[in-house]
Amino acid sequence: MHLFLTADDSQDLLINELRRLYPAADVATAGPTLVVAKRIWSRPEEARPLVFSRQLLPDAKMMGAVSITNFATILCDLIAAQIEASQPWAFQVFPHYGSAKAGWHRCELVRKVCLSRLGACRGLIQNLQEQPVSWSRAHSLVRLMLTAPDRGFLSVVTAPNLWHLRSLISPFPDGEIPVAVDKSAPSRAFAKLLEAELRLGRSIQTGQTCVDLGAAPGSWSYVALRRGARVCAVDRAPLREDLMIHPGLIFRRGDAFAFAPEHPVDWLLCDVIAMPERTIGLLLEWTRRRRMRHFVVTIKFKGATDYAKLDRLNAAMPPLCEDFYLTRLCANKNEVCAFGTVN
């Protein structure tokens, strides 16, 4: 049984998405923002990104314990049996019930008792990585999500399955990332780029080249320029005045969908307002022509009837990419973000 966590308003959307992508799946709710699914992929390598899933606990099993010590004993025995001493691994205990403060306090107690025992009996503590930026082929992951003080779901993902499922398993325990705030940015759209970078485990660096399509008023160019990147911004309207005179910016007035760079760039950034099929087509063309190395692209919707159009992107992009993510970010509204790295 695979357990998925969703945003508050996305449970039904995820159920529809799972049934559409995996027609033989057995899908049901397991509580608010929780969806369980059986008979989806037969191998982790076959898993596809899911737009409306915030977090995945593969092969989740319900477990109960009468005390923190009992939880720790069960976890220690499981870790000792399934995780080799020389293997890098991550361990997370997080709540999905009640008030955040009370839940996190109990989870921290379970985690500390477990780590104390592991450090004494197996010496695995030096291999612990609580929140790696991104998973590697060598990582394994043990997680306990408490749904009440005395019960929860346990999931163990061993290498290399964790790496194969990296587009679905977030290193952020509940899959949530606080929306960034910067009052000096041209608009709040900058938060989408920052969140996509965190989820990808890569960020725009000094000296890199970026194309920002549909750039006005300039929030994504603002982020890249502050990092020391060189930006070619394309839009029919100008960016904010201070960005227009920035020495690292080249502005091209015109249609974002008609622009092509003379040479491949490090980053394609695109937050253009357009029909979803146009943006999907643009991303596929840029990827197939290898015009960029990394990309962050927003796909915008009107209503909730066109999400199936993303299936085309979901099927076509993974073979072309080293990493590919397709998700509704915490900073998104009625839009979805595609981001990743091209082969």
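Before any of the text, the structure's been laid out above.
Residues numbered from 1 in each chain as written. Predicted model: local features only at pLDDT ≥ 70, side-chain atom pairs only at ≥ 80, totals over all residues. Heavy atoms only, no water.

### Examining the overall build of the protein
Stage number 1. Looking only at helices and strands, the protein has nine helices and 15 strands in total.
Stage number 2. Against the globule reference of 20 Å for 343 residues, the protein gives a C-alpha radius of gyration of 21 Å, in line with a compact fold.
Stage number 3. Each of the three principal axes of the protein carries a C-alpha extent, and together these read 65 × 40 × 35 Å.
Stage number 4. For the protein, with 343 residues in total, the buried portion stands at 56%. (Helix = DSSP H or I, 4+ residues; strand = E, 2+ residues; numbered from the N terminus. Rg over C-alpha atoms; globule rule 2.2 N^0.38 Å. Buried < 20%, exposed > 50% of the residue type's maximum accessible area, 1.4 Å probe, protein only.)

### Considering the pattern of salt bridges
Stage number 1. This structure, assessed with the given rule, holds 21 salt bridges.
Stage number 2. Linking E197 and R227 is a salt bridge whose minimum nitrogen-to-oxygen distance equals 2.7 Å. With E197 in helix α5 (residues 190–200) and R227 in the loop between α6 (219–226) and β10 (230–235), this residue pair connects regions lying 30 residues apart in the sequence.
Stage number 3. The exposure class assigned to E197 is buried, which follows from its relative accessible area of 5%.
Stage number 4. Given a relative accessible area of 25%, R227 falls into the partly exposed group. (Salt bridge = Lys/Arg side-chain N within 4 Å of Asp/Glu carboxyl O.)

### Some words on the environment of T33
Stage number 1. Checked against the element boundaries, T33 lands in the loop between β2 (26–31) and β3 (34–38).
Stage number 2. The spatial distance from the C-alpha of T33 to the C-alpha of T6 is 4.9 Å, given a sequence separation of 27 residues.
Stage number 3. Non-local contacts of T33, meaning those with residues more than four positions away in its chain, are made with F4, L5, T6, A7, D8, Q11 and H96. (Contact = heavy atoms within 4.5 Å.)

### Considerations on the sheet that holds β10
Stage number 1. Judged by pairing direction, the sheet is mixed, and its seven strands sit side by side in the order β11-β10-β9-β12-β13-β15-β14 without closing on themselves. For this open sheet the edge positions go to β11 (249–253) and β14 (321–327), each flanked by a neighbour on one side alone. Between one strand axis and the next, the sheet turns by 10° as a mean value, whatever way the strands run.
Stage number 2. As paired strands, strand β9 (residues 209–213) and strand β12 (residues 265–270) are joined by four bridges and run parallel to one another. For L213, the partnering residue across the bridge sits in β12 and is C270.
Stage number 3. Along the sheet, α5 makes contact with β12, β13 (292–300), β14 and β15 (335–342), crossing β15 at roughly 45°.
Stage number 4. Strands β9, β12, β13, β14 and β15 of the sheet are contacted by helix α8 (residues 276–288), whose axis makes an angle of about 175° with β13. (Pairing = 2+ DSSP bridges. Axes fitted to C-alpha atoms, helices over the stretch in contact; angles between N-to-C directions.)

### Quick look at helix α2 (residues 68–82)
Stage number 1. In this model, α2 (15 residues) spans 21 Å end to end at C-alpha, consistent with the 21 Å of a helix rising 1.5 Å per residue.
Stage number 2. Three or more residues of α2 are buried, namely I68, F71, A72, L75, C76, L78 and I79. (Expected span 1.5 Å × (residues − 1).)

### Here we look at unusual backbone geometry
Stage number 1. Cis rather than trans, the peptide bond between A159 and P160 has omega equal to 0°.
Stage number 2. Along the polypeptide, P160 turns up in the loop between β8 (151–157) and α4 (161–164).
Stage number 3. The residue after A216, namely P217, is reached through a cis peptide bond having omega 0°.
Stage number 4. Inspection of the secondary structure puts P217 in the loop between β9 and α6.
Stage number 5. The backbone of T33 shows a phi angle near 65°, a positive value even though the residue is not glycine.
Stage number 6. Residue class for T33 comes out buried when judged on its relative accessible area of 13%.
Stage number 7. The phi torsion at D59 lies on the positive side, around 45°, for a residue other than glycine.
Stage number 8. Within the secondary structure, D59 sits in the loop between β4 (55–57) and β5 (61–64).

### Considerations on the environment of K300
Stage number 1. Position of K300 relative to the elements: it lies in strand β13.
Stage number 2. With residues near it in sequence (within four places) discarded, K300 still touches K192, D271, V272, I273, A274, P276, N334 and E335.
Stage number 3. Side-chain polar atoms of K300 contact the side chain of D271, separated by 3.1 Å.
Stage number 4. A polar contact of 2.9 Å, which involves the side chain of K300, links it to the side chain of E335. (Polar contact = N/O pair within 3.5 Å; in protein donor to acceptor, adjacent residues only side chain to side chain.)

### Side note on the sheet that holds strand β1 (residues 2–5)
Strand pairing in a sheet relies on backbone hydrogen bonds, with the paired strands running either antiparallel or parallel.
Stage number 1. Spatially, four strands are ordered β2-β3-β1-β4 in an open sheet, and the strand pairing comes out antiparallel. Looking at the sheet topology across the chains shown, the edges are occupied by β2 and β4. Ignoring which end each strand starts from, the neighbouring axes of this sheet average 25° apart.
Stage number 2. As paired elements, β1 and β4 share three bridges and run antiparallel to each other. The residue bridging L3 from the neighbouring strand is L57, located in β4.

Any link to function would need more than the numbers given here.
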